[in-house]
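Working through the structure, step by step
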Amino acid sequence: MKRITVANIVAGLLGAAALISPAAAVAQNYPTKPVRVIVPFAPGGGSDITARQVSSKLSQKLGQQFLVDNRGGAGGLIGMEVVAKAAPDGYTIMIMSGSFAASPATHKPAFDPINNIVAVAEVGYTPFVLAVHPSLPVKSAKELIAIVHSKPGQLAYASSGVGGLTHLATELMANMAKLDMIHVPYKSTGAAMADLLSGQCQLIVGSLLPTQPFFRNGKLRPLAVTTAKRWYSVPDVPTLAETLPGYEVELWFGVMTPKGTPQAIIDRLNGAVNQGLQDADMKSNLEKQGMVPSGGTPQHFDQRIRKDYERWLKVVKERNITVK
C-alpha cells in the first residue's frame, strides 16, 4: 500500500488547483469590488425602477455593491454605448428594457449594440396597453380602427420618442390595420402622458405601469393589451391580437454586459438573477409593476433580443421611419 505523506497530500491539492481554469477562478471570487449598473434612461422610469430592485438583489446575493448609474439620452443609445465600450470584466453591466432592440433598428448608431452587448438574464416582462382619451367615442380596438379609417390623418398618437418602443409598437399596429395617424413624439413617457391626459393626443400604446392608475379614475380608457394572452392585473381588457391576429409586443427588462465578458462571470450573474427572482420580496415588487418574473438562460434572452430586433427592422422599413 502506498504510504500517504504530507508531500503526497500537498501534491494532490496542487494538481486539483491546476485543473481550475483562470476564468473559473476569477468567477469564484467575483465580484471583489463594486459593480457599476448602467441604466440608459433617466431616473423614475420602468428601467430605472427595475434596475434598482435587481441591483439591490444582486448586492445581497453576491456580497458587493451594485450601483445604478443613469445615462439617459438618444433613446437609450448613450448609455448603451458606455456599456459597449466598457472593459468586459464584469464590473460594468446594464439593465435595460426592450428599447434595446428598438432604438438600433431606427437610429443606426455608429457602434453595434446588438453584437457588442451580450445577454445575461431576462428579469421579467409586461404588456403595453392601447389606451385612449375618454373624449374619443370608442370602447374597443375594433371601434378605434374604424374611426381612424373614417378620419385618416386626423387622430394623433403619443410616444416617448421617435424610434422608441412605444413608437414602433404603435406603428406595428398601424401597419397591420392599415391606419393613417399623426405621430406626436415626446422626450419621455411622462411628457407624452401629460398631453394624452389633457386630450392633446387621442391615444397611446404605452407601458402598463404609468397608464393603469388612470384606468381606475376614468381619465384613460384601456382598449387592449399587447401580450398574446390577457393580463392578470387587467383581466377584463382584451388582447390586441383578438382584433389583429398575430400582434404581440412584450415590454421586457433584462441584465446585459459588454461582449468579451468571461462566460463564467456571465453565468455567475445569471445564477444570482435567477435566484433573486425566486425571493418573495422580488416577486412582490415586480407584481406591483404589473410584471411577470421570467429569468432563464443567457441564450434564451439573446434569442428574444434578436427576434425583436429583426421585427423592428422590418417595421422601420415598411413604415419608412427615419430619424431626423
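Computed from a prediction, not measured in an experiment: that's the story for all the values here.

Conventions used here
- Residues numbered from 1 in each chain as written.
- Predicted model: local features only at pLDDT ≥ 70, side-chain atom pairs only at ≥ 80, totals over all residues.
- Heavy atoms only, no water.
- Helix = DSSP H or I, 4+ residues; strand = E, 2+ residues; numbered from the N terminus.
- Buried < 20%, exposed > 50% of the residue type's maximum accessible area, 1.4 Å probe, protein only.
- Areas by Shrake-Rupley, 256 points an atom, 1.4 Å probe, with all protein chains shown as cover.
- Lys, Arg positive; Asp, Glu negative; His and termini not counted.
- Charge placed at Lys NZ, Arg CZ, Asp CG, Glu CD.
- Axes fitted to C-alpha atoms, helices over the stretch in contact; angles between N-to-C directions.
- Parallel < 35°, antiparallel > 145°, perpendicular 65-115°, else oblique.
- Contact = heavy atoms within 4.5 Å.
- Nonpolar A, V, L, I, M, F, W, Y, C, P; charged D, E, K, R; others polar.
- Salt bridge = Lys/Arg side-chain N within 4 Å of Asp/Glu carboxyl O.

Further remarks concern the overall build of the protein chain. Counting its regular elements, the protein chain contains 13 helices and ten strands. By principal-axis analysis of the C-alpha atoms, the protein chain measures approximately 95 × 40 × 30 Å. For the protein chain, the residues scored as buried account for 47% of the 324 residues in total. About 14900 Å² of surface is accessible on the protein chain, with carbon and sulfur atoms providing 55% of the total. Separation of charge centres in the protein chain, based on 32 positive and 22 negative side chains, amounts to 2 Å.

Orientation of helix α3 (residues 46-62) relative to helix α11 (residues 263-276), taken along the N-to-C sense of each, is 110°, at an axis distance of 9 Å. In terms of orientation, α3 lies roughly perpendicular with respect to α11. Here K57, L58, K61 and L62 of α3 lie close against α11, whose contacting residues are R268, L269, A272, V273, Q275 and G276. Along the lines of polarity and charge, the residues of the contact of α3 with α11 split into five nonpolar, two polar and three charged.

Any two packed helices are characterised by the angle at which their axes cross and by the distance between the axes. Where α3 contacts helix α12 (residues 280-288), the axes come no closer than 11 Å and their chain directions differ by 175°. The angle between the axes of α3 and α12 places the two elements in the roughly antiparallel class. Between α3 and α12, the residues in contact are Q53, V54 and K57 and D281, M282, N285 and L286, respectively. Here the contact of α3 with α12 is built from residues that sort into three nonpolar, two polar and two charged.

Applying the stated criterion across every chain, the model contains 13 salt bridges. With its nearest N and O atoms 3.0 Å apart, the salt bridge here joins K61 to D279. Residue K61 is found in helix α3, and its partner D279 is found in the loop between α11 and α12; the two are separated by 218 residues along the sequence. Classification of K61 as partly exposed rests on a relative accessible area of 32%. With a shortest N-O distance of 2.6 Å, E81 and K85 are connected by a salt bridge. In this structure E81 comes out as partly exposed when scored by relative accessible area, which is 30%. For K85, a relative accessible area of 61% puts it in the exposed group.

Let's shift gears to unusual backbone geometry. Of note, the amide linkage connecting Y30 to P31 takes the cis form, showing an omega dihedral of -5°. Inspection of the secondary structure puts P31 in the loop between α2 (22-29) and β1 (35-39). Although it is not a glycine, K108 sits at a positive phi angle of roughly 50°. Mapped onto the secondary structure, K108 falls in the loop between α5 (99-107) and α6 (113-116). A positive phi angle, close to 60°, is found at K178, a residue other than glycine. With respect to the secondary-structure elements, K178 resides in the loop between α8 (165-177) and β6 (182-185).

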